[in-house]
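Given next are the chains, with one letter for each unit.
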Amino acid sequence: MQTRTQHAYFPHVDGLRAVAVLAVVFYHLHSAWAPGGFAGVDIFFVISGFIVSASVSTLDRSPIWKFLPFFYARRIQRIAPALMVCLLATNLAAALLIPMSWLSGANQQTGIYAFFGLSNLILARTNNDYFSPVAEFNPYMHTWSLSVEEQFYFAFPFMFFAWTFAGKWRRFTVVLFGAVLLASLGYSAWMGNTDKTTAFYMITSRFWQLAAGVLLFQAMNLTGRRFDVADQPSPRWHTWGAMASIGLIAFSFAQSRPDRFPFPGALPAVAGAMGLLFFLHGKSRTNPIMRVLAARPVLFIGRISYSLYLWHWPVFVIFRWTIGLDRGSYRMGALAIAFVLAVLSYYFVEKPFRNLKSVRMVPRTAVVTTGFALIGMCAWFATQINAAQPKISLSTVVQHASDWYPDGGVDIDPSHSGCSIRTGNAPVGTSNAITFSRQNCGPATGTPRIYAIGDSHSTAYVGMYKEYVMRTGASVTVYVNGGCPFMSLQPWRETSEPCRTNSSAAVTDMLARIEPGDVVFLPSLRMPRFVDQYYVFPENEALDLIFGDAAIKARAQAVIDGEKVLKRLSGQGAVIVIEAPKPIFKAPMYRCAEPYNRSLPICRSGTAMSRPELASLRKPIVDSLQQLAAAVPNTRVWDPFPILCPPATQCSGYSSGHPLFFDSDHISGYGARLVYPAFEAFVRNAAATATQ
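Notes on the structure in this doc start here. (Residues numbered from 1 in each chain as written. Predicted model: local features only at pLDDT ≥ 70, side-chain atom pairs only at ≥ 80, totals over all residues. Heavy atoms only, no water.)

## Section: helix α15 (residues 328-354)
With 27 residues, α15 should cover 39 Å at 1.5 Å per step; its first-to-last C-alpha distance of 36 Å lies within 8% of that length. The largest bend in α15 amounts to roughly 45 degrees and is located at Tyr 346. Of all the residues in α15, the buried ones are Tyr 330, Arg 331, Ala 334, Leu 335, Ala 338, Ala 342, Ser 345, Tyr 346, Val 349 and Glu 350. Here the buried face of α15 lies against α1 (11-29), α3 (64-97), α13 (296-303) and α14 (305-321). (Helix = DSSP H or I, 4+ residues; strand = E, 2+ residues; numbered from the N terminus. Expected span 1.5 Å × (residues − 1). Bend = angle between axes of the 7 residues up to and from the residue. Buried < 20%, exposed > 50% of the residue type's maximum accessible area, 1.4 Å probe, protein only. Contact = heavy atoms within 4.5 Å.)

Below is the structure:
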């Protein structure tokens, strides 16, 4: 397939790319430097729509079965090599340095989907908001925009193909792109009011930005603007139009607000990008604006902009997971590394593959087929790296997984051939209940069955539950309701519709299943956090949630409401065991476990707390739990605090070098094993006492 004419080089396009990528990079490095720098992505979308239209606009008319392989071969050759190298390198770095956790839970899946241009679907589905602090710890988050472009490229040739036939067919494509632009714009506006995360990430609400670039090219072409000549006469007012466009872009970078994206917040950036592409088209390099955009350093950044966009974000994220990005020297170091990797990628991967002459001698269908096969192979290799993480990771958290991760535990008893833990799963409400039971083992010891309900602090005891099942033969059923505590005495944490629905369904299910002597175990986070896995909360707010007047009144009402629920369970003959608050800390243990990350800002408060201070914080909650226990028959309060924090002046997150907690409040696998003997003895005694 041949082109009729060759396009001239228009330096302002690379100059605009440089402006866009620098805005994004500086926003990601330190958002205060470019508060609206994320709008650079919107500029890229316009440029992509404009350039991809120009790149195939001069093709000779050919059947679509020839047009499609030609188009896709060029896109694969342009996008895939640098992307594959970056994704594989990032995948390896993440496996070596980033431990699995709630904070990194979506990372591996996002990375695998990024190979196929689908990472935006994962980010939208997991509600991983672009502006959330959680997104700052996903090294593949930036690939959402590449996924949007790749999805656009799958639709583009079918919509643009008729343009190559000239005449009325060109007007048809203009109408087609215009109609889809308006539909996408309307959808973007509607979704922005209903689901901002989906609106931000999805092609359906971003298509209008790419279509704007397509329509700009079509309008310029149909009105006689030439693309085969670099310097063309243009009226002076075009310079003023270009300056106004710069103003729109500058406004976007300075004033864009996350809650207004992509509509209407992206409109100034899109309009500004379209304006510069239009008004500077054909301008001489002597034009003052062109002098800036066509300066050699600017053009260089524009040329490496794709590689720079690919590499800057993984570098920044690895810094956040290791030594941090809070110091100026660290930021400059991360920026320098990103630029070096971008330059290497451009000269040794992106440019050679783009200009590979041998590819032009191969049928385009073969290029496309080979390209997709190589992409699939790279994705498979990434899955192997992920699977090998427990063996290759440099993180002490991964290397000593059984101590750190709370969801382990013993599944097989080597002393009894064939003795193992069986895991069952059943839907309850919109969540599920997991039942652990023993099979092919010796006789049971007659200990009570356990039904556990709570938030993630309940599932953190999985290792303890398995040990209980293996040692006693009694089953344990866990109602999974992450993020939703049960009887936490903090009613503001339990009021969401999913929490109330699933808690009610779990109680109903328990009432239908429990028998006299069974134990209902209620572990939950019952104290406000000082720190999450990525954010330090103001200490005065945490204290107010314990000692403030509103908290005291809410806790008193929660005791009254809790009595009603517990009496229903107790009335069925159940023994109720409520977990008293465990120690909490001001730093997440696993984020501060390596020599290189202990200086992170989130780790500066240390991994120990004053025991008298914790005792003071716990007292109002423990008193309320004791009040509940006194009011409801067969109710006991189990307190793991003395085991996890033996009498001393300090409570530590470690014991004999082993972690007691995974983060600031979730018990670790080692911690669960440590408290198990006391838990089993307490449950046995509570059940025996209740049945007397």
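Next, the rest of the story.
## Details of unusual backbone geometry
Residue Pro 262 follows Phe 261 across a cis peptide bond; omega there is 5 degrees. Residue position: Pro 262 is located in the loop between α10 (237-255) and α11 (267-279). A cis amide bond links Phe 263 with the next residue in sequence, Pro 264, at an omega value of 5 degrees. One non-glycine residue with positive phi stands out, namely Asn 440, at about 60 degrees. Turning to its location among the elements, Asn 440 is positioned in the loop between β2 (431-439) and β3 (450-453). Residue classification places Asn 440 among the exposed positions, given a relative accessible area of 58%.

## Observations concerning the environment of Asn 440
Along the sequence, Asn 440 and Arg 604 sit 164 residues apart, while their C-alpha atoms lie 49 Å from each other. In terms of polar contacts, Asn 440 uses its side chain to reach the backbone carbonyl oxygen of Gly 418, at 3.5 Å. (Polar contact = N/O pair within 3.5 Å; in protein donor to acceptor, adjacent residues only side chain to side chain.)

## Remarks on the pattern of salt bridges
The final tally for this structure, using the stated rule, is 21 salt bridges. Residues Arg 206 and Asp 42 are paired through a salt bridge, measuring 2.6 Å at the closest nitrogen-oxygen approach. Of the two residues, Arg 206 sits in the loop between α8 (196-201) and α9 (207-222) while Asp 42 sits in helix α2 (residues 40-56), which places them 164 residues apart along the sequence. The exposure class assigned to Arg 206 is buried, which follows from its relative accessible area of 1%. (Salt bridge = Lys/Arg side-chain N within 4 Å of Asp/Glu carboxyl O.)

## Quick look at helix α22 (residues 497-513)
Taking 1.5 Å as the rise per residue, α22 with 17 residues should run 24 Å; its terminal C-alpha atoms sit 24 Å apart, in good agreement. By the burial criterion, the buried members of α22 are Cys 499, Asn 502, Ser 503, Ala 506, Val 507, Met 510 and Leu 511. Its buried side turned inward, α22 meets β1 (420-428), β2, β3, β4 (476-480), β5 (519-522) and α24 (549-571).

## Quick word on the packing of α1 against α11
Where α1 contacts α11, the two axes come as close as 9 Å, and the packing angle between them is 155 degrees. When the interaxial angle is binned, α1 and α11 end up roughly antiparallel. Once α1 is placed against α11, the crossing between them reads as right-handed. Contacts between α1 and α11 involve His 12, Val 13 and Leu 16 from the first element and Ala 273, Leu 276 and Leu 277 from the second. Its residues assigned to classes, the contact of α1 with α11 comprises five nonpolar, one polar and no charged. (Axes fitted to C-alpha atoms, helices over the stretch in contact; angles between N-to-C directions. Parallel < 35°, antiparallel > 145°, perpendicular 65-115°, else oblique. Left-handed = near helix turned anticlockwise from the far one by under 90°. Nonpolar A, V, L, I, M, F, W, Y, C, P; charged D, E, K, R; others polar.)

## What about the side chain of Thr 173?
With respect to the secondary-structure elements, Thr 173 resides in helix α7 (residues 168-194). Here Thr 173 falls in the buried class, since its relative accessible area comes to 0%. Apart from residues no more than four positions distant in its own chain, Thr 173 is found in contact with Met 159, Phe 160, Ala 162, Trp 163 and Gln 218.

## Points about a positive patch on the surface
The grouping of Arg 285, Arg 296, Arg 303 and Lys 351 at the surface amounts to a positive patch. Relative to the helices and strands, Arg 296 is located in helix α13. (Patch = residues over 30% accessible without salt bridge, like charges linked within 9 Å, V, L, I, M, F, W, Y side chains within 5 Å. Areas by Shrake-Rupley, 256 points an atom, 1.4 Å probe, with all protein chains shown as cover. Lys, Arg positive; Asp, Glu negative; His and termini not counted. Charge placed at Lys NZ, Arg CZ, Asp CG, Glu CD.)

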